[in-house]
Structures are given as C-alpha cells and as structure tokens.
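# An overview of the molecular structure
So the chains spell out like this:
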Amino acid sequence: MATVNPVVDETPCVANSVDPESAEWLGVLAGTGPQREAALTRLHEMLLRIAQRECRRRGPRLQITGPELEDLAYQAAADALVAITRKLGQFRGESRFTTWAYKFVILEVSGKIGRHFWQNPPVPLDAEDWDKLPDRFGFDPAHQAEWQDLLAALRRAIDTELSPRQRQVFLAIVVNAVPLDALAIELSSNRNAIYKTMFDARRRLRAALAANGYMGHDTAGRS
Amino acid sequence: MNGYSELDRFLRTDPRDVGCAQATEILHVYAELVAAGEPAGQRHPGIAAHLQACGPCDEDFDGLLAALREETR
C-alpha cells in the first residue's frame, strides 16, 4: 500500500539487538510444550488487560457499554494473540517485545470498534444532509453572513473538484461523521487508502478555495 | 476555535505525512521513544505529521502510550 507521501522520515528504523526480556519471550513462544503454553497464557492475560483498559478509555465516546464492551476486549485479546504468534518472525527488536505485542491488541480494538459501528449506524452511509456542514466545522449560525460565501465555495469545490470516490469519502466522514475505520470496512478498503483519499481531497479543496481567495495556500510542513 | 480556523486546520495537509500504513508499521517504536522522553517527532517527522492529522492513528498511539505508561507505574 502506497503511503500518503513518498517522502519518508530522514531517520529510518534500524533493527536493534533484542533486549533480554524480549529474547526470552521470543525463545519460549517459538518453542513447544508446557513452557510455551504458559507463556501464551501469560501473554493473553497481558493483552486482555490492555484491551480492557483501552475499551474503558474509548468507551465514553462509543455506543458500546457493559458486557458488549467487555466481549469486544476479549475478542481483541484473542485475535491479537493469534496475530502475534503468526507474525513472531516479523519482530525486529526495534522496541520491547511487549510494546510490539500491545500494538496488535490496540489495533484489534480499533478494528472491532469500527465493525461495531455498522450494527446500529446513526445515519445511512450516503445521506446527503449538507446542512450539517457548517456545524461540522463549528461555524456559528448567528454569524452566517460572515461564512456563507466560504461554505458555498466549499460546496462548489466538493462537487466540481473532487472525484466521485473523494466526494463519497468526504461526505461520509465529514458530513455524516462516519468513523474512518468504519468507512474502510463498509467500502471493503483499509484505513490507509481511505486516509489517502481524504488527504488528496483536502488538498484539492484547499487549492480551490485558495485559488478563489477564500483561504491561504497550504504552507504546512514547509520551511 | 471558530469555524474558519477549524476548516483551515482541516484542509491543511503536511507533505511529510507518511500515511497510516507507515505510521502503524513503527507505532510501537515511536511510542517507546515518546514514553522515554526522547524527541520522537524530530526523529520521525513524517510520523509526527501523520499523527497530528489522522484521528484513528492518533487514537491508537494514545492507547499504546497509555499502556506503556500504565506498565511502568
């Protein structure tokens, strides 16, 4: 999958020597017998603890509570354990083993929350209630005269500058407030591809608004 | 933050932004640097730029960082 921008960090990751604790994890998980089983049990307990904590952290912003949230944590921990054991050979020692492992369970929690969104979506994916657009950016209705031209220009740019796919993604994420991970699942895509679509859409919209004097050109990240 | 500044922030794109795939690939490395008080953003400016713009990846980063910090308590 291509990245948003081919320019990458100046300092790429360099594989380090594995620290003793990580080496112990790797050794026992790559082995067989009761030692491996004990390590898997211990790792699962750690992953479950992280998943439960992460679900509690995100819980207040979700439509998931109680046993359902607990179940999500258990599923995330179980699936993370499977992914970790399958990808053990990909651990390069750039971090502690447990940090690498925790990343898997955090990503599993994200994915499962995204899938859960479609069990009871608050709006259809393709609803076109553009009246929500001002509120999405916090424009004050009491001062509509100050921003209505800008928002009209934005609407025009959305219709004329974006590809159908970019418009669909913009509508879903910005207007209908569909979480990016949930949208990726619904469109049989992935987070990176949807982000790149939005990234390109944002850049096009900015350029259109700047060309018509509604906004400055983008200078972020440039020296 | 008023509507204009929020829209301005939303439409700002950073050319250093590496995207979700690359950010996820080394999120564990980046999180350990941050947890250790290292200048993670200087070492990985593309990741820093991405986390600033991508809500889902930043959420994952926050979760991973919280896990590391809880572990060291």
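Numbering of residues starts from 1 in every chain and runs along the sequence as written. Here the convention is simple: chains get letters from A, ligands get numbers from 1, in the order in which they are written. Only residues with pLDDT of at least 70 are given local features in this predicted model, and only at 80 or more are side-chain atom pairs given and counted; all residues enter the totals for whole chains, interfaces and linings.

Helix and strand labels come from DSSP, where a helix needs a run of H or I of at least four residues and a strand needs a run of E of at least two; each type is numbered from the N terminus. Each helix and strand counted, chain B has six helices and zero strands in total. Along the chain direction, N to C, the helices and strands of chain B fall in the order α-α-α-α-α-α. For chain B, the spread of C-alpha atoms along the three principal axes comes to 40 × 25 × 20 Å. Three exposure classes are used, all based on how many other C-beta atoms lie within 10 Å of a residue's own C-beta (placed from the backbone): buried at 20 or more, exposed at 12 or fewer, and partly exposed between those limits. Sorting the 73 residues of chain B into buried and exposed places 52% on the buried side. Within chain B, contacts between residues at least 6 apart in sequence are counted, and of these 73% link residues at least 24 apart. C-beta atoms are placed from the backbone for every residue, and two residues are taken to be in contact when these atoms lie within 7 Å.

All names here are of chain A. Here the axes come from fitting lines to C-alpha atoms, over the contacting stretch only for helices, and the angles between their N-to-C directions go from 0 to 180 degrees. Helix 3 (residues 66–86) packs onto helix 2 (residues 34–58) with a crossing angle of 140° between their chain directions and a minimal axis gap of 8 Å. On the basis of the axis angle, helix 2 is oblique to helix 3. Two packed elements cross with a definite hand, and for helix 2 against helix 3 that hand is right-handed. On helix 3, the residues touching Leu40, Leu43, His44, Leu47, Leu48, Ala51, Gln52 and Cys55 of helix 2 are Leu69, Leu72, Ala73, Tyr74, Ala76, Ala77, Ala80 and Leu81. Considering only residue class, the contact of helix 2 with helix 3 consists of 14 nonpolar, two polar and no charged. Throughout, the term roughly parallel applies to angles under 35 degrees, roughly antiparallel to angles over 145, roughly perpendicular to angles from 65 to 115, and oblique to all others. Handedness of a crossing is defined here by the sense of rotation of the near helix relative to the far one, left-handed for an anticlockwise turn of less than a right angle and right-handed for a clockwise turn. Residue polarity follows a fixed list, in which Ala, Val, Leu, Ile, Met, Phe, Trp, Tyr, Cys and Pro are nonpolar, Asp, Glu, Lys and Arg are charged, and the others, Gly among them, are polar.

So, about the environment of Val29 of chain B. All names here are of chain B. By secondary structure assignment, the location of Val29 is in helix 3 (residues 27–35). Judged by local crowding, Val29 falls into the buried class, with 21 C-beta atoms found within 10 Å. C-alpha separation for the pair Val29 and Ala40, spaced 11 residues apart in sequence, amounts to 9.0 Å.

In this section: unusual backbone geometry. Residue and element names in this part refer to chain A. Phi at Ala177 takes a positive value of approximately 55°, unusual for a residue other than glycine. With respect to the secondary-structure elements, Ala177 resides in the loop between helix 7 (164–175) and helix 8 (180–186). Since 11 C-beta atoms lie within 10 Å of it, Ala177 is described here as exposed. In this model, Ser188 sits at a positive phi of 50°, which is unusual for a non-glycine residue. By the element assignment, Ser188 lies in the loop between helix 8 and helix 9 (191–211).

For the rest of this paragraph, the subject is the interface of chain A and chain B. Listed per partner, the contact involves 45 residues of chain A and 44 residues of chain B. Residue assignment for the side of chain A that touches chain B shows that the elements contributing at least two residues are helix 2, helix 4 (97–117), helix 8 and helix 9 of chain A. It is helix 9 of chain A that provides the largest number of residues to the side of chain A that touches chain B, a total of nine residues. Residues of the side of chain A that touches chain B, tallied by class, amount to 20 nonpolar, nine polar and 16 charged.

With that settled, the discussion passes to the domain arrangement of chain A. All names here are of chain A. Domain extents, as shown, originate in an automatic or database domain assignment. Domain boundaries assigned for chain A yield domain 1 (20–117) and domain 2 (130–211). Taking the mean C-alpha position of each, domain 1 and domain 2 sit 34 Å from one another. Of the residues lining the interface, six residues belong to domain 1; the matching set on domain 2 comes to five residues. Here the side of domain 1 that touches domain 2 is composed, by residue class, of two nonpolar, three polar and one charged.

This part covers the confidence of the model for chain B. Residue and element names in this part refer to chain B. Confidence of the prediction at every residue is given by pLDDT, a number between 0 and 100. The predicted model of chain B averages 95 in pLDDT, with 99% of residues at 70 or higher. Helix 1 (residues 3–10) is the least confidently modelled element of chain B, averaging 93 in pLDDT, while helix 3 averages 98, the highest of any element. Model confidence for the complex is summarised by a pTM of 0.89, with the ipTM given as 0.94.

Residues and elements named next belong to chain A. If you look at the biggest cluster of nonpolar residues, it comprises 69 residues, and the most contacted ones within it are Leu47, Ala51, Val105 and Leu183. Per element, the largest residue contribution to this core is 10 residues, and it comes from helix 4. When neighbours within four sequence positions are excluded, Leu183 is seen to be in contact with Val169, Ala172, Ile173, Val178 and Ile194. Any nonpolar core is a set of buried residues, restricted to Ala, Val, Leu, Ile, Met, Phe, Trp, Tyr and Cys, that join up through C-beta atoms within 7 Å.

The next subject is the packing of helix 7 of chain A against helix 9 of chain A. Residues and elements named next belong to chain A. Contact pair helix 7 / helix 9: the axes reach a minimum separation of 9 Å and the direction vectors enclose 100°. Our classification of the angle between helix 7 and helix 9 gives roughly perpendicular. Contacts from Arg165, Gln166, Val169, Phe170 and Ile173 in helix 7 reach Ile194, Thr197, Met198, Asp200 and Ala201 in helix 9. In terms of residue class, the contact of helix 7 with helix 9 is made up of six nonpolar, two polar and two charged.

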